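Each chain, written out:
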Amino acid sequence: MSDVAMVGAEKLESIWKPRSAWAGYARAGRHGRTGGEAGITLTLRDEVGLATLIVADGKEAALDRALEASHGWSLPEAGRAALAGEEGLIWSGPGQWLAIAGTRRRLDGLADAVTGLASVTDQSDGRALVRVSGPCAREMLSKGVAIDLHPRAFRAGSAAVTSIAHIGAQLWQRDDAPTYDLAVARSFAGSFWSWLSHAAAEFGYGVEHGPGR
Amino acid sequence: MRIRCPHCGERDNGEFSYLGDAAPVRPDGPNASAEAMHDYVYLRDNPAGLHRELWYHAAGCRSWLVVTRDTRSHEIHEVAPARDVALSRRRGEVA
Ligand SMILES: [Zn+2]
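Residues numbered from 1 in each chain as written. Chains lettered and ligands numbered in written order. Predicted model: local features only at pLDDT ≥ 70, side-chain atom pairs only at ≥ 80, totals over all residues. Heavy atoms only, no water.

As recorded in an unreviewed UniProt entry, chain B goes by the name Sarcosine oxidase subunit delta, listed as coming from Methylobacterium marchantiae.

1. Considering the overall build of chain B
The helix and strand tally for chain B stands at two helices and six strands. Helices and strands in chain B line up, N terminus first, as β-β-β-α-β-β-β-α. By principal-axis analysis of the C-alpha atoms, chain B measures approximately 40 × 30 × 25 Å. Burial status across chain B gives 35% buried among its 95 residues. Counting only contacts in chain B whose residues sit at least 6 apart along the sequence, the fraction spanning at least 24 positions is 46%. Accessible surface, chain B: about 6,100 Å² in total, of which carbon and sulfur atoms supply 49%. (Helix = DSSP H or I, 4+ residues; strand = E, 2+ residues; numbered from the N terminus. Buried < 20%, exposed > 50% of the residue type's maximum accessible area, 1.4 Å probe, protein only. Contact = heavy atoms within 4.5 Å. Areas by Shrake-Rupley, 256 points an atom, 1.4 Å probe, with all protein chains shown as cover.)

2. Re the sheet that holds strand 3 (residues 49-55) of chain A
Residues and elements named next belong to chain A. One open sheet holds the five strands; their spatial order is 4-5-6-3-7, and the pairing between them is antiparallel. Single-partner strands in this sheet number two, and they are strand 4 (81-84) and strand 7 (118-122). Across this sheet, the average inter-strand angle for adjacent strands is 20 degrees, counted without regard to direction. With five bridges joining them, strand 3 and strand 7 adopt antiparallel strand pairing. Bridged to leucine 53 within strand 7 is valine 120. Where helix 3 (residues 60-71) meets the sheet, its contacts fall on strand 3, strand 5 (87-93), strand 6 (96-101) and strand 7, and the angle it forms with strand 3 comes to roughly 150 degrees. (Pairing = 2+ DSSP bridges. Axes fitted to C-alpha atoms, helices over the stretch in contact; angles between N-to-C directions.)

3. Considering the coordination of the zinc ion
Tetrahedral metal sites with four donors have an ideal angle of 109.5 degrees; octahedral sites with six donors have ideal angles of 90 or 180 degrees. Residue and element names in this part refer to chain B. Looking at the zinc ion, one finds its protein donor set to be Cys5 (SG), Cys8 (SG), His57 (ND1) and Cys61 (SG), positioned 2.0 to 2.5 Å from the metal centre. Around the zinc ion, the four donor atoms sit at angles spanning 101 to 119 degrees, and that spread fits a shape best called tetrahedral. The sequence motif formed by the donor residues of the zinc ion is C-x2-C-x48-H-x3-C. The burial state of cysteine 5 is the same as that of cysteine 8; both residues are buried. (Donors = N, O, S within 2.8 Å, 3.2 Å for Na, K, Ca; no water. Tetrahedral: all angles 85-135°; square planar, octahedral: opposite > 155°, others 65-115°.)

4. Focus on the interface of chain B and chain A
With 11 residues of chain B at the interface, the matching set in chain A holds 13 residues. Taking both partners together, chain B and chain A bury about 830 Å²; carbon and sulfur atoms supply 47% of that area. Counting the surface chain B buries against chain A, the share from its top three residues, B:His7, B:Arg11 and B:Arg62, is 45%. Across the salt bridge formed by B:Arg83 and A:Asp57, the nearest N and O atoms sit 2.8 Å from each other. Where chain B meets chain A, there are four residue pairs in polar contact (both at pLDDT 80 or more). When the residues that make up the side of chain B that touches chain A are grouped by side-chain class, the tally is three nonpolar, three polar and five charged. (Buried area = accessible area lost by both parts, 1.4 Å probe. Salt bridge = Lys/Arg side-chain N within 4 Å of Asp/Glu carboxyl O. Polar contact = N/O pair within 3.5 Å; in protein donor to acceptor, adjacent residues only side chain to side chain. Nonpolar A, V, L, I, M, F, W, Y, C, P; charged D, E, K, R; others polar.)

5. A look at the nonpolar core
Residues A:Trp22, A:Met140, A:Leu171 and A:Phe192 are the most contacted members of the largest nonpolar core, which totals 35 residues. Elements supplying a minimum of two residues to this core: strand 2 (40-45), strand 8 (127-133), helix 5 (137-142), strand 9 (159-164), strand 10 (167-175), strand 11 (179-185), helix 6 (189-201) and strand 12 (205-209) of chain A. Among the elements that make up this core, the one with the highest residue count is helix 6 of chain A (seven residues). Each residue touching A:Met140, except ones within four places of it in the same chain, is listed here: A:Ile40, A:Val132, A:Trp195, A:Leu196, A:Ala199, A:Ala200 and A:Phe203. Ranked by size, the runner-up nonpolar core spans 27 residues in total, among them A:Leu53, B:Ile3, B:Cys8 and B:Cys61. (Core = buried A, V, L, I, M, F, W, Y, C linked by side-chain atoms within 4.5 Å.)

6. A closer look at the confidence of the model for chain B
Here chain B averages 93 in pLDDT, and 98% of its residues register 70 or above. As scored by the predictor, the complex reaches a pTM of 0.89 and an ipTM of 0.86. (pLDDT = per-residue confidence, 0-100.)

7. Some details on unusual backbone geometry
All names here are of chain A. In this structure, proline 178 follows alanine 177 across a cis peptide bond, with omega equal to 0 degrees. Within the fold, proline 178 resides in the loop between strand 10 and strand 11. Of note in the backbone geometry, histidine 166 takes a positive phi value of approximately 65 degrees without being a glycine. Relative to the assigned elements, histidine 166 resides in the loop between strand 9 and strand 10.

8. Observations regarding the environment of B:Arg2
Residue and element names in this part refer to chain B. Mapped onto the elements, arginine 2 comes out in strand 1 (residues 2-5). The class of arginine 2 is exposed, set by a relative accessible area of 58%. The spacing of arginine 2 and alanine 48 is 46 residues in sequence and 20 Å in space, taken between C-alpha atoms. Ignoring any residue separated from it by four or fewer positions in sequence, one finds arginine 2 in contact with Glu10, Arg11, Asp12, Asn13 and Ile76.

So this is what it looks like as structure tokens:
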């Protein structure tokens, strides 16, 4: 009999701890250039709920109504994110959106709410999310993306699927500060962090954890 | 070279992968002649000028696109979702 099978339910509770997508790569604290205010703040976001939605043929208007009724969300158009606080929908491609919420629990019932209108796939543990803010956020991200982040082209509510350091990435701008959220496939978290930490180093950067699960 | 994706806007061509000529339509397998199948699989025109070709926006919206490109200058004249092109072809419209 294995050790796991012999321990009580109480013990099992403590064995199955959620592991951050950034665990082993990111360390909280101040890094990079020393002295002065940090130019970049990286907030690790492991608490969020994520799910992809793919609309059924010709059901976009019905899906929009269903999501409005169930979650108070509306479908953003191409290249946009429709967020209220920490939750809403981010455009990911034609007929495809990424649903995001402050907690995974908030996405409970999403699949039921859109039955027959869209397919829903939980991505909460499938993506690694980081929030990029601070006075040098735009300057730093500009080194990695081949899209124009100037406010005339990309502003609060803008969203894009692109690549950073050859890694597929989805990003959206939350506010005019500017603050960006970035999502990559979880298995790329280590490689992506390698780019991010090197790109942020010249500005001095702080790493902090978002709200826990 | 940049391609203006109808969904994502103007993007670096490194985000796309190239398939080739958008013109060939697969013949009806069981009824197709060997010549028609050979033509579909192997034979391609190589025009000096406008060429309609399939590109895949792999690092973006993951859509197939029909790009009309001048092979002499790489100037791009039109980009349309391949889905729209296929649907209008199915409806019997010229595409
Ligand atoms: Zn695209």
